Each structure stands twice: as C-alpha cells, then as structure tokens.
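# Structural overview
Letter by letter, the chains look like this.
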Amino acid sequence: MFAKETRKPLIFVSLVAVCAILCGAALGGALAATVNLKNQENFSEFNPALPTRILDVHGDLITEFASEEKRELITLEQLPKHVIQALLAREDRVFYEHHGFTVKSIFRAVFGKLTGQTLGGGSTITQQLAGTLYLDRTDISISRKLKELWWSLQLERRYSKDEILEMYLNKVYLGSGTFGINAASKFYFGHPANDLTPAEAAILVIQLSNPAMYNPFDHPNRARERQRLVLDQMVELGYLDRKTADDSFDDYWATFDLSRTSSSAYFSRADKARWFSEYVRQELESMLYGTMNLYTDGYVVHTSLDLAKQAEADKVMQEWLAVANRRFKNSSSSRFDKADQYADITELLALAFDLPKLAVSDERVHVKSIGYYRERLNPVVDILSLTFGLDGLKLGTNMANAAIQATNAETTVEGALLTIDNDTGYITAMVGGSKFEQSNQYNRAMKGEIQPGSTFKPLYYSAAIDSRKFTEASLIPDTPVVFYNESGVPYTPLNFKGEWQGTVLLWEALAHSMNVPSIRVLDGIGFDAAINRASLLLGYTDRADIESRFPRVYSLGLGVISVAPWRMAKAFATFADGGKEVTPFAIRSVEDRNGRVIIDREKEIRLEQKRKGNAIQLISPQTAYIMTDLLQNTVKSGTLAYASGYGSKFAYKDANGKTYYMPVAGKTGTTQNWSDAWTVGFTPYYTTAIWFGFDKGGMSLGLDNTGATLAGIAWSNYMGAINAGLPYRDFVKPQRGIVTATVCKKSGELPTDACVDGTITLQFLEGTEPKTYCTYHENSENLRRTSVERLQSEGFAAGQRPITVDTSDLMLDPSIFEDPAPRVKPRQGAGQTAAPEADALTETAGTQEGQADGTGTGDSGAREPESNPFLE
C-alpha cells in the first residue's frame, strides 16, 4: 500500500518533467523564430512565388497567371480616412486597443463553430496578416490558430499599429488577381486608392471574406447588401453621417456598369486564348477560393482547349465580325442618307407653307455636332487633359467616353463561338466576344442570354418524333392559321413575305425553317412535352427557373426564350452523341508545384456520368439518329446548303487521294427584326454554336446578316477547317428500332411510277414508317384531266375562243381532293392565259429560300435575303 502511494508522486513528477521539456522546446523554438524575425527587416515568404501555368489539351502553354502583375504599394498616409474606417468597422473595431488578439473574438468564433452559426471570424487584422505571411490559412485546425496567435504577438511587438495596417492593406488579396488595396481600386473602379469613396471602400473590404461570393460584377445584389451593411456600421460608429453614407451609396450604384464581369485585369500578358483562360481563372477562383493562390503557388492547370482549333476560331470570328459590322454600317448609312433626304424635304415644306413645327434644322445641327465632337474632338481633348493635368476637363472627356461606349454597345456587332468534343465534352475552342479588353470582358459564349430563334426548333421536334405522332414524312399544312394561347390571346405566325408552300413534309419544314408548320408541330405535342424536352437538352433542372424561362405561348416554337450559346451546343451535341448527355467542361486537372494532382475534374465528371446509369441517355439513340438525319437535310438542301457550299466545304482527301465527304448536320436561326444570327451544328467529331448580334436589344443586323448568310458561312468555314485531316466517320445508326424508307417527296408515302416529283430516303422509328402507296399523283392526273375538259367546255359555251392550258404546270394540293369539281389556278407565263375564278392553293417552285425564321425573320439560302414586312 505504501509502495503504491510512493509511486504516485513519482509519476506526477515525471509528467511535470516531460511537460517542462516540451514547453521548453516549444518556447525555444518560438524564441528562435523571434530572433529570426528580429533579424528580418522585411517580411519574406517561405516558398518563392511561381506563376500558375495554363496548358491546352496537348500540353502546350496558353498563358501564365503571376502575382507581380497586379501588386501596387501605397502608404497609409495616402489613403482617405474613411478607407481605414471601413476596414476597422468590418474586420477589427478594436484594432488600436488590443495586442494582436481579443479573447472575445476567439470565444465568439468558437461558439459559432460549435452552434453552426455565422457570428464572424475570431482573427484580428494582425492575426490575418500573420496567417497570410507565415501560415496556410486554409488549414482549419487548433494548431494553426495557436501558431497564428504566436506570430501575431511577434508582429505587434516588432511593428507599430499603423505599420501593421499598411502591410495588411498592401498584402491582402482582394479578388480577380489583385493584391493590395491600390491594385484592387484600379481594377474595380478605374482609379487609385487615394480617390476611393466611402461606398467604394465598403465594396473593397467585403472582398476580404470571399471575393468570389461578393464580387459586385458577378453578384451585384449580394455585394449591394453587404456594402450597405458596412456603411451602416460606419454610421453607427460615428465614422460617417447618414447623408454622406447614403449619397455615396446612391452615387456608386447610379453609375455602376452592370455589363462588366469579374475578369482579371491581366491585359498585357501573353495569352493565346484570352476568353478561355479568363473563364478557367474564374472557375478555379470560384471553386477553390481560400485553398489556393493562382498567382504565387505555381500550379499547372490541364485544360480541354485545343490551341490549333482556337486559332481557327479566332481567325474566323474576327473575319466575319468585320464583315457583319461593315454590312451593318453600310445598311445604316443608307438609312441615314434617306433620313437626311426626308429631312430636307420637310424643311422645304416648313419654309414654303410657314409650318415652323416641321422645321428640324436646329435638332439636326445639334445631333451632328455632338457626334462630331465625340468622334473627332473628344480624343484630342482627352489627351490634353492627361498631359496638363486638367482634372475638370478629364471628367468631361470621361463622360463623353462613357456615352461613346454606350453607343458602341448598341451599334457594334458582337459574336460568340463555342466548340465541344462530342465524345468527351471537352470545350476545345471559345470566343466570348470581338476582343477581350478592359471595356469588353463579358463572355457571351458562357453567360449570354440570347434568343436562339429557329435553332430552338430541333429541340421540340425531337419530342415530336418521340411521340410517334410525327415522322420525317408527316404531311403538315403551311397555310395561314390562327392559334389561341392558353390565355385566349390569338397568335398568327407568318412566313417570309406572307408566302405559303401549301402542304409540306416535316423534314422539309425543318430544313427550310418554315414557321407555321413548326408551330403546328408544337401544337401537336403540347407545351408540356416541348418544354420538358427543351429544358432537358439545355440542362435546366430547377422547376421555378424552367417555368419562368419557357413561356407557355405559341411563339415559344420560334425560340423566344433566352439561352447561352454553350447550352445550345450542349443540346445539339446530344444528337451527335446518340442521345447521351454531353457535359461541357474546361478544366481537366490541376497539379501543385510538386506535380501532385490536387484536382481531377475529368475523373469526377466521368464518375458522375457512371453513377447516372441509364439516366445519361436523355433521348433514345433512335430519336437522336432521326434528328441527325433531319438536320443533315438542312445542309444538303435547306438553309445551310449555300453556306456550306452544298457540302463542298466538308470534302477531304484520304491518304490514298480519294475524296470523301464528312457527314454534317445543323440549323440556322434569325430572330425578330434580324437582331440575332445563329448557326448550331455538328459533325461526328465536334459540335459548334456561333452567334452574332448586339449586346443591347433594339438594333437590326440588317437584311444581309442572317443565320444563313452570316453565322452559317462563318460556321461552315470554321467547321470545315477543324475537321480537316480527320478520318472519315459517320453518325452511328442504331442496330434496331430504325427503318429506312424511300418515299414520295410530295405525299410522304411509298412511291409509285406516277410520282413525278421524285423520291427521298428518310428515317423512321420502327412501326411509324409509311405502309401505303402514293395516290397523290394519280389523283392529280385525274383532276388535271377533268379540269382541262371543264375549262375548255366553259370557253366554248360562252362563245369564246378555246383556252389553251399547259397542264404540266397546274399545281394542286391534296386538301382539295374531296372537292368533286375543284377549281385550280394555273401559273401565268409567256403564252398562257389565266383560268377564270382560279383560287386553289398554289405552291412555289424550288426551295423556300430567305423564308421566315426565328420570331418572324428569314434564313436565306443561295439568294440574297429580301425585306420582311411581316414581323411579329
């Protein structure tokens, strides 16, 4: 018993000794670190700063992100007082009172973690600086917090409060590749930090917690709420009065540019794919904020881009953007010249008849003078204001520049391109606009919300094929019709110039982008089927978003929704990939400076696709194959025929010198008033969406810039180039469930010897193929014979000279077969006389080029587009 009691003090002594040794070692290490700190005049980083390298799919360098480009130092004395006050109000109200930490903040943070509440962080400004300089702040552990506390005590001992604050403001990361408050101020607001307003200071300090979440360009509403909170805190602490805070807040948002994005400002670096690399930067920053520093940590990012295809995309888009803008300006100049002529006439009338209200001279002079100043004089004045430091004059030139930019946004044709590898989902090329620069950073390919026009039609046509109510050979009337929306409002779609083709087959209606037959298809399957299929292919999953995005009105069938080009490419790639979902992505993997893979995005996507199982098959392989066949006819004989050179742009030679044609499918689209021009299509290898239009609505591209005559040609040239050198490959035909049948071009039934209009081979879901033989031409011959006999007999009965009729040119519609004595209308030509009372439907010879497309405008074929007076 005594031995046991003696043993207890010995154990206690041993434990004390061990603790003393450990504490001594820790204290010695800390003292050694303190000595090292004393010997350092400036702070240093343990790892040298290395740029992040962005590589393409073949390992070639696209660009590098390096921090040195955007770090600019500023002294505390140069900053307005409200900048410091905003920081203290937001991050550390008792900064000038504590010695590096506060017990209250630590307990608040611990309590918040334990209860799952957001009560604010527990780190003071000094602790944040210590963590930034010496530790990994992504390490959420007690050990890291203790080390941070130790280093903050050393900083407080070594430096004054103002010195700590100055180092913090020059060191901290504030998003979009900017380090320090001066660089951030120039990026976000276009001026140095010594000109920051209270509202701007509030915007910057809220970036400290998470710039990806509170960036005003990506999340303006969220940033606005946090900014208001900081300003209110400044008022509460007596830093600002209420009027100053409110005025600053209102001024900031009154001039805020909603079209800007959170793009980094690295415009001087070498970059072979600016739109793409900026998209990659935003993706990385959004996904991994707080766990990596793209500008100093030396990461290697493996991407999906193919630089060879990107170079071709840049070349084609620049060429056709120049063409589009030239055509638009020529069209606009013509209109303005006519306007001046009318103005001159009006002026003469005002003088001749003493009608002063008609006079427009003063207004014309004023408008022309303003235009002359902005275009010719303002650049000179701007340079003078900078040269001589005339701030007041500079303010005036800035206002003029803003007006010029606003005008350019309305009158400059922009464009976007996105290419997806059908097999992998790799984004192989991306163009987000005309030129990536400070005033043009909005990536229209990924973020654009644009009406797709007739490129939307194939999405719900696929639902029509699935329904088995429609086939490629379904007869659909192309005649005037009034539809009634669910609200009871009538809707009357029109074709180009009000022309009608009578009854057509479904494949022809889609290939030639006929509006009325397409609306009939939509009506035949219903809004639910159309919307469900379109949202599925486009990748929309939120029910509320779907309901607000897809209106239940008949004009939906003409593409009156807003969608980004990448989503249209994704939808069409589903057809190319046999109905399977294609997930577009840009980042394949990320390695750290030691070559260790820290992100494997491609592996994650493949595992997710595997987990989906059968759900990855969005539509059946059979329906996808039929849709591909339908869209191939658009290239062979429809609105893409002329643009593709009737397939010649996809003619290549194999290793033996033998010519082969790569299969290609696509669809054009032109929206209301020729505002947007689209082409989306694919080969067995790649899918590409191309768009041209304006950032702001209300402008027309002009009659020469349509889906077929602008986007279609650019698309064909580009796709023809990137498919060159690839071996021949056809679209995969399902082994079962598809029936190939040759049908009469006119009736869609099995052909007979009487089918003089020719035949076409189409694809059908098994069981929907035609089983009856064509009787159209036999009935037409009988009707022609009867009509000629009746016309000739009526001519004799009236005592007139017999009428000579060319029976081969009489056009009849099947809908008049039930009429026992149909009246027909012969075409009038040289040497022909019109039959009296001829009022039957007449069909136009040849293809319907330049017909209505989108929401009332036309896709053109080989001929130049004509004026469309029938706009919705």
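None of the values given here were measured: they were computed from a predicted structure.

A word on the overall build of the protein chain. Check the secondary structure of the protein chain and you find 26 helices and 20 strands. A burial count over the protein chain gives 50% of its 872 residues as buried. For the protein chain, the share of sequence-separated contacts (at least 6 apart) that also reach a separation of at least 24 residues comes to 70%. On the protein chain, roughly 41,200 Å² of surface is accessible, and the fraction owed to carbon and sulfur atoms is 55%.

A few words now on helix H10 (residues 220–236). For H10, with 17 residues, the first-to-last C-alpha span of 24 Å sits near the 24 Å given by 1.5 Å per residue. For H10, the complete set of buried residues consists of Ala223, Gln227, Val230, Leu231, Gln233, Met234 and Val235. Buried-residue contacts for H10 involve helix H2 (81–91), helix H8 (198–206), helix H9 (211–214) and helix H11 (242–254). Trailing H10 by a residue or two, Gly238 shows a phi angle of about 85°, which is positive.

Now for the packing of H10 against H11. Running from N to C, H10 and H11 point in directions that differ by 160°, and their axes come no closer than 9 Å. Taken together, the axes of H10 and H11 lie roughly antiparallel to each other. In this structure, H10 crosses over H11, and the sense of that crossing is right-handed. Of the residues in H11, those in contact with Pro220, Arg224, Gln227, Arg228, Leu231, Asp232 and Val235 of H10 are Arg242, Ala245, Asp246, Phe249, Tyr252 and Trp253. Class assignment for the residues of the contact of H10 with H11 results in seven nonpolar, one polar and five charged.

Close contact between helix H22 (residues 565–576) and helix H24 (residues 621–637) brings their axes to 7 Å; oriented N to C, the two are set at 110°. Classified by the interaxial angle, the pair formed by H22 and H24 is roughly perpendicular. Of the residues in H24, those in contact with Phe572, Thr574 and Phe575 of H22 are Ala624, Met627, Thr628 and Leu631. Its residues assigned to classes, the contact of H22 with H24 shows five nonpolar, two polar and no charged.

What follows is about unusual backbone geometry. Most peptide bonds adopt trans geometry, and most residues besides glycine take a negative phi value. Positioned with a positive phi, Ser513 is a non-glycine residue whose angle comes to about 55°. Within the secondary structure, Ser513 sits in the loop between helix H18 (506–511) and helix H19 (515–525). A residue is classified by how much of its surface remains accessible, and Ser513, at 0% relative accessible area, is buried. For Asn673, which is not glycine, the phi dihedral falls at a positive 60°. Summarising the element assignment, Asn673 is placed in the loop between strand S14 (665–670) and strand S15 (676–682).

A separate point is the sheet that holds strand S11 (residues 597–599). Here five strands make up an open sheet; going across it, the order is S2-S1-S3-S10-S11 and the pairing mixed. What marks the edges here is a single partner per strand, and that holds for strand S2 (61–65) and S11. Within this sheet the neighbouring strands show an average axis-to-axis angle of 25°, counted without direction. Taken together, the three bridges between strand S1 (residues 52–55) and strand S3 (residues 300–303) define a ladder with parallel strand orientation. The partner of Leu55 across the bridge, within S3, is His302. Against the sheet, helix H23 (residues 601–612) touches strand S10 (587–591) and S11, its axis set at about 135° to S10.

Another point: the state of the cysteines. For the structure on display, the rule yields zero disulfides. Cys774 takes part in no disulfide bond, and the closest cysteine sulfur to it belongs to Cys755, at a distance of 3.7 Å.

We now examine the pairing of S2. Here S1 pairs with S2 via four bridges, running antiparallel. When the sheet's bridge partners are listed, Leu55 is paired in S2 with Leu61. Hairpin connection between S1 and S2: a loop of five residues separates the two successive antiparallel strands, and Gly59 in this loop has a positive phi of roughly 90°.

With 102 residues, the main nonpolar core has Phe276, Leu459, Leu538 and Phe550 as its most contacted residues. The biggest single contributor to this core is H22, with eight residues. Beyond its immediate chain neighbours, meaning those up to four positions away, Phe276 contacts Ile62, Thr303, Ser304, Leu305, Ile427, Met430 and Ala586. Grouped together as the second largest cluster of nonpolar side chains are 52 residues, Leu76, Val172, Leu196 and Ala245 included.

Before going further, it helps to examine helix H12 (residues 274–288). Helix length check: H12 (15 residues) gives 21 Å between terminal C-alpha atoms against 21 Å at 1.5 Å per residue, within 8%. Burial runs high along H12: 11 of the 15 residues are buried. Among the residues of H12, Arg274, Trp275, Phe276, Ser277, Glu278, Tyr279, Val280, Arg281, Gln282, Leu284 and Glu285 are the ones counted as buried.

Further remarks concern the environment of Phe731. Considering the arrangement of structural elements, one finds Phe731 in the loop between helix H25 (707–722) and strand S17 (738–744). Aside from chain neighbours lying at most four places away, what touches Phe731 is Tyr625, Thr628, Gln632, Pro663, Val664, Phe682, Thr683 and Pro684.

Moving on to the sheet that holds strand S5 (residues 427–431). Spatial strand order, S5-S4-S16-S15-S14: five strands in an open sheet with antiparallel pairing. A strand with exactly one partner marks an edge of an open sheet, and here the two such strands are S5 and S14. On average, each strand axis in the sheet is inclined to that of its neighbour by 5°, with strand direction left out of account. Here strand S4 (residues 414–421) pairs with S5 via four bridges, running antiparallel. By the bridge assignment for S5, Leu417 is matched with Val431.

Within the secondary structure layout, Asn633 lies in helix H24. You can call Asn633 buried: its relative accessible area is 6%. With sequence-adjacent residues up to four places away left out, Asn633 is seen in contact with Glu472, Trp507, Ala511, Gly638 and Leu762.

Here we come to the confidence of the model for the protein chain. When pLDDT is averaged across the protein chain, the result is 79; 69% of the residues are at 70 or more. Note that pLDDT drops below 50 for residues 37–46; the model gives that stretch 20 contacts with residues more than four away or on any other chain.

The next point concerns the pattern of salt bridges. In the structure shown here, the tally under the stated rule is 28 salt bridges. Between Arg549 and Asp545 there is a salt bridge, and its shortest N-O distance comes to 3.6 Å. One end of the pair, Arg549, and the other, Asp545, are both in helix H21 (residues 543–549), four residues apart, so they sit about a helical turn from each other. Between Arg596 and Asp592 there is a salt bridge, and its shortest N-O distance comes to 3.3 Å. For Asp592, a relative accessible area of 11% puts it in the buried group. Through salt bridges with shared partners, one network takes in Arg228, Asp232, Arg242 and Asp246.

What follows deals with the environment of Gly698. For Gly698, the location among the structural elements is in the loop between strand S16 (686–693) and H25. On a C-alpha basis, the gap between Gly698 and Trp674 in space is 10.0 Å, while along the polypeptide they are 24 residues apart.

Next up on the list: the packing of aromatic side chains. Each aromatic ring pair is specified by the distance between its two centres and by the angle formed by the two planes. Throughout the structure, instances matching the rule amount to 28 aromatic pairs. Their ring planes at 40° and their centres at 5.7 Å tell us that Tyr252 and Phe256 sit as a pair that is tilted. Comparing Tyr252 with Phe256, the two get one shared label, buried. Ring geometry for Phe527 against Tyr554: centres 5.1 Å apart, planes inclined by 50°, an arrangement best described as tilted. Here Phe527 is found in helix H20 (residues 527–538), whereas its partner Tyr554 is found in the loop between H21 and H22, with 27 residues between them in sequence. For the pair Phe527 and Tyr554, one class covers both residues: buried. Taken together, Phe187, Tyr188, Phe189, Phe217, Tyr252, Trp253 and Phe256 form an aromatic cluster joined through their ring pairs. In this arrangement the basic side chain of Arg158 is found over the ring face of Tyr159, its NZ or CZ atom lying 4.8 Å from the centre. Taking NZ or CZ as reference, Arg567 lies 4.1 Å from the ring centre of Tyr540, over its face.

Cut-offs used in this document
Residues numbered from 1 in each chain as written. Predicted model: local features only at pLDDT ≥ 70, side-chain atom pairs only at ≥ 80, totals over all residues. Heavy atoms only, no water. Helix = DSSP H or I, 4+ residues; strand = E, 2+ residues; numbered from the N terminus. Buried < 20%, exposed > 50% of the residue type's maximum accessible area, 1.4 Å probe, protein only. Contact = heavy atoms within 4.5 Å. Areas by Shrake-Rupley, 256 points an atom, 1.4 Å probe, with all protein chains shown as cover. Expected span 1.5 Å × (residues − 1). Axes fitted to C-alpha atoms, helices over the stretch in contact; angles between N-to-C directions. Parallel < 35°, antiparallel > 145°, perpendicular 65-115°, else oblique. Left-handed = near helix turned anticlockwise from the far one by under 90°. Nonpolar A, V, L, I, M, F, W, Y, C, P; charged D, E, K, R; others polar. Pairing = 2+ DSSP bridges. Disulfide = S-S within 2.5 Å. Core = buried A, V, L, I, M, F, W, Y, C linked by side-chain atoms within 4.5 Å. pLDDT = per-residue confidence, 0-100. Salt bridge = Lys/Arg side-chain N within 4 Å of Asp/Glu carboxyl O. Phe/Tyr/Trp six-rings, centres within 6.5 Å; stacked < 30°, edge-to-face > 60°. Lys NZ or Arg CZ within 6 Å of the ring centre and 35° of its normal.

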